[in-house]
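# Inside the fold
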Amino acid sequence: MSTKTKNQNNDDVITITPSDMSDIIQSHNDRLDWQLANRGHRRGLTTPFFLALPGVGKSEISLFVSEQLGRKFFDVRAGNCLPSDLRIPAVDKEAEIARYFGNTELPFVTNPEVTEGDSILMLWDELLDASLPVQRVLKQAMNDNCIGNISFPENTLHIACANGLDHGCMSERLPLSNANRMAFYNVRPDLNGFQEWLSDIGLYPELEAFLQSNSDVPYDMDVSKWDGKSNFASFRTLEEFGKLINTDLVEIKGGARYLKPIDSDNLLLVKISAVLGHKAAHKALEYLKIYEAVGSIQNLLDDPQGCTIPSSLTKKWIVACKLAGAADQGNVSAVMTVAERLSSTSGGKGFMATYVAKSICKQKPKLSSTKAIKKWMGDNFMDLVGRG
């Protein structure tokens, strides 16, 4: 999936989402395989270069794709390197000459853990954080598959990632000669993909519900006005907020999930602001206060067919989160009945019921075999696979 946005020169910029990166890397992998099979060398290949705001997930996706492709993964933070870190000068006293030795952090064929026949994925991360001298060294690494006279295995797939020049990261411009040997992909934040990931891992139900009703929070910042001393809500820091909820607020009682009183921690806003920044932190705290004000959902479970469903979208998502946390063997049927009613008063697409069902199965896998969950899954299979 790609879209067009405008850059500072008002030109069309074609963007991809983080979930598209695997297909792009696979395409470059196929080109490398084709060239080695049909031309017997790798000269002239371009390096895929992914540009995105911080916290989008570039590095993690690269590792995941490397595992999917069966390639050994090597990751170097280019911004942390000096030219001498990449190949190390030393004196061979016996031969009375100076030699370069390959750093074992890199997949040189001289590395004891690497053989000439290995398939490698070499990630040059934070490429634009590198100084110009390092960029010139890495130009040879990516273009010629070597640094000096020390080579990488022939079947090495090079990829690069960085934050863009307009992302407030003090990045360096690439020399034009470097750029012409790369394939540029602008990666935009993808909230839907992040929410799907949250649903799949099932560890942060309160965060997932927060984002469902506060979809404007991620990356809501003007980079040109950033003060240089505060955080912002990226996908990375939002996950950190989810961890904070789990460690500082969540209590498990009798198998059910509860949040401690908000005012029990007078540093809570400070902690949230430290990871999300001032603006997003106040929205997050307001959400937690509403979560607390909703209170117990036992009255809903006591009369699942006749209870009053909240009209506020935020409160509906909070109820959905609490339903998943409160579900047990004795009430799971009532839980799913209320969840379906939440969905029916929110457009009828079944999003909230799907969220509740998935959360129950992730948080409490033993409940996935109950009659109520099995029946709901059978009746709503298309919603579960995202095609409802």
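Residues numbered from 1 in each chain as written. Predicted model: local features only at pLDDT ≥ 70, side-chain atom pairs only at ≥ 80, totals over all residues. Heavy atoms only, no water.

For the rest of this paragraph, the subject is the overall build of the protein. Of regular secondary structure, the protein possesses 15 helices and 13 strands. Expressed as a percentage of its 388 residues, the buried residues of the protein come to 47%. For the protein, the share of sequence-separated contacts (at least 6 apart) that also reach a separation of at least 24 residues comes to 69%. Carbon together with sulfur atoms contributes 50% to the accessible area of the protein, which is approximately 19,800 Å² in total. (Helix = DSSP H or I, 4+ residues; strand = E, 2+ residues; numbered from the N terminus. Buried < 20%, exposed > 50% of the residue type's maximum accessible area, 1.4 Å probe, protein only. Contact = heavy atoms within 4.5 Å. Areas by Shrake-Rupley, 256 points an atom, 1.4 Å probe, with all protein chains shown as cover.)

With that settled, consider the packing of helix α7 (residues 205-213) against helix α8 (residues 235-249). Remark: α7 packs on α8, axes separated minimally by 8 Å, with the N-to-C direction vectors making an angle of 130°. Regarding the angle of α7 to α8, the classification is oblique. Here the hand of the crossing between α7 and α8 comes out right-handed. For the pair formed by α7 and α8, the contact residues are Glu206, Leu207, Phe210 and Leu211 on the first element and Leu238, Glu239, Phe241, Gly242, Ile245 and Asn246 on the second. (Axes fitted to C-alpha atoms, helices over the stretch in contact; angles between N-to-C directions. Parallel < 35°, antiparallel > 145°, perpendicular 65-115°, else oblique. Left-handed = near helix turned anticlockwise from the far one by under 90°.)

A few words now on the pairing of strand β3 (residues 47-52). Of all six residues in β3, six are buried, a share of seventy percent or more. Of the two faces of β3, both are covered, the one formed by Thr47, Phe49 and Leu51 as well as the one formed by Pro48, Phe50 and Ala52. Where β3 lies against strand β11 (residues 182-187), six bridges are found, and the strand directions are parallel. Residue pairing across strands places phenylalanine 50 opposite tyrosine 185, the latter belonging to β11. Here β3 pairs with strand β10 (residues 156-162) via three bridges, running parallel. Counted as the bridge partner of phenylalanine 49 is alanine 160 from β10. (Pairing = 2+ DSSP bridges.)

Working definition: an aromatic ring pair is given by the centre-to-centre distance plus the angle between the planes. The full count for this structure, using the stated rule, is twelve aromatic pairs. A ring pair is formed by phenylalanine 210 and tyrosine 287, whose centres lie 5.2 Å apart and whose planes are at 55°; its orientation type is tilted. In this pair, phenylalanine 210 is assigned in helix α7 and tyrosine 287 in helix α9 (residues 268-294), connecting sequence segments 77 residues apart. We note that phenylalanine 210, like tyrosine 287, is buried. (Phe/Tyr/Trp six-rings, centres within 6.5 Å; stacked < 30°, edge-to-face > 60°.)

Here the focus is α9. In this model α9 runs just 19 Å from its N-terminal to its C-terminal C-alpha over 27 residues, more than 12% under the 39 Å that 1.5 Å per residue would give. The largest bend in α9 is about 125°, located at glycine 277. Looking at the buried positions of α9, the neighbouring elements they touch are α7, α8, β13 (256-259) and α11 (313-326). Directly beyond the C-terminal end of α9, a positive phi value near 70° is found at glycine 295. (Expected span 1.5 Å × (residues − 1). Bend = angle between axes of the 7 residues up to and from the residue.)

Right, let's get into the pattern of salt bridges. Evaluation of the coordinates by the stated rule reveals twelve salt bridges. Between arginine 257 and glutamate 206 there is a salt bridge, with its nearest N and O atoms 2.7 Å apart. Here arginine 257 is found in strand β13, whereas its partner glutamate 206 is found in helix α7, with 51 residues between them in sequence. For glutamate 206, a relative accessible area of 1% corresponds to the buried category. With a closest N to O distance of 2.5 Å, lysine 283 and aspartate 216 form a salt bridge. (Salt bridge = Lys/Arg side-chain N within 4 Å of Asp/Glu carboxyl O.)

Time to look at the environment of proline 189. With respect to the secondary-structure elements, proline 189 resides in the loop between β11 and α6 (191-201). On a C-alpha basis, the gap between proline 189 and threonine 15 in space is 9.8 Å, while along the polypeptide they are 174 residues apart.

With that out of the way, let us pick up the packing of helix α13 (residues 351-363) against helix α14 (residues 371-379). α14 packs onto α13 with a crossing angle of 135° between their chain directions and a minimal axis gap of 11 Å. With respect to each other, α13 and α14 are oriented oblique. In terms of crossing hand, the pair formed by α13 and α14 is left-handed. Between α13, through Ala353, Thr354, Ala357, Ile360 and Cys361, and α14, the contact on the second element is made entirely by Ile373, Trp376 and Met377. The residue inventory of the contact of α13 with α14, partitioned by class, reads seven nonpolar, one polar and no charged. (Nonpolar A, V, L, I, M, F, W, Y, C, P; charged D, E, K, R; others polar.)

The next subject is unusual backbone geometry. Positive phi outside glycine occurs at glutamate 126, with the angle close to 55°. For glutamate 126, the location among the structural elements is in the loop between β7 (120-125) and α4 (132-144). Taking the relative accessible area as the measure of exposure, glutamate 126 reaches 25% and is therefore partly exposed.

All right, on to helix α12 (residues 332-344) then. Over its 13 residues, α12 runs 18 Å from end to end, which matches the ideal 18 Å to within 8%, given 1.5 Å per residue. If you follow the buried residues of α12, they end up packed against α10 (298-302), α11, α13 and α14.

Formed by 83 residues in total, the largest nonpolar core has its most connected members in Leu238, Leu288, Leu323 and Ile360. With eleven residues, α9 is the single largest residue contributor to this core. Apart from residues no more than four positions distant in its own chain, leucine 288 is found in contact with Phe241, Ile245, Leu249, Leu259, Ile262, Leu268 and Ile272. One finds Val114, Leu128, Val137 and Leu138 within the second-largest nonpolar core, a separate group that totals 29 residues. (Core = buried A, V, L, I, M, F, W, Y, C linked by side-chain atoms within 4.5 Å.)

Note that all results are geometric; they support no functional claim without further evidence.
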